[in-house]
Amino acid sequence: MKKFYAVDEIKKFVDREEMALLYFSTNDCGICTTLLPKLEIMLSNYAKISSGHVSIDELPAASSEFSVFTVPTVLLFVEGKEVIREARFISMDILEEKIQKYYDIIFS
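This part takes up the sheet that holds strand 5 (residues 81-87). Spatial strand order, 1-3-2-4-5: five strands in an open sheet with mixed pairing. Single-partner strands in this sheet number two, and they are strand 1 (2-4) and strand 5. Going across the sheet, the axis of each strand differs from the next one's by a mean of 25°, ignoring polarity. Here six bridges tie strand 2 (residues 19-25) to strand 3 (residues 50-55), and the two strands are oriented parallel to one another. Bridged to Ala 20 within strand 3 is Ser 50. Strands in contact with helix 2 (residues 30-43) are strand 2, strand 3 and strand 4 (73-78); relative to strand 2, the strand with the most contacts, it is inclined by about 165°. With respect to the sheet, helix 4 (residues 92-107) is in contact with strand 2, strand 4 and strand 5, its orientation differing from that of strand 5 by roughly 165°.

Structure (structure tokens):
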């Protein structure tokens, strides 16, 4: 998962990739640190999804740019458009079902 340090870099990433997943977290969020490895394992099944990690502590401007008000937050973009937003209490099963639907449409 690519780590981002600038809002412009994130925007270019989202616009450039066919499917882009962003994971927003903070350093002191226990749920965030637990969810990240689970998310990375899940994404290993979806080779065509590009993923990035944004630490709100290191890049607070990203939270306002992407309207992230709680962490963890997962955003999935398809061709630059946000199609999935999951935040706070994220069910990996439900998230994967949603991602699978878009993945099948885009890459089948």
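And the narrative resumes.
Let us look at unusual backbone geometry. Peptide bonds are trans in most cases, and residues, glycine excluded, mostly fall at negative phi. Omega for the bond connecting Val 71 with Pro 72 falls within 30 degrees of zero, at -5°, which places this linkage in the cis form. Assignment of secondary structure puts Pro 72 in the loop between helix 3 (61-65) and strand 4. Positive phi values are uncommon outside glycine, yet Arg 88 reaches one of about 65°. Summarising the element assignment, Arg 88 is placed in the loop between strand 5 and helix 4.

Rules used throughout
Residues numbered from 1 in each chain as written. Predicted model: local features only at pLDDT ≥ 70, side-chain atom pairs only at ≥ 80, totals over all residues. Heavy atoms only, no water. Pairing = 2+ DSSP bridges. Helix = DSSP H or I, 4+ residues; strand = E, 2+ residues; numbered from the N terminus. Axes fitted to C-alpha atoms, helices over the stretch in contact; angles between N-to-C directions. Contact = heavy atoms within 4.5 Å.

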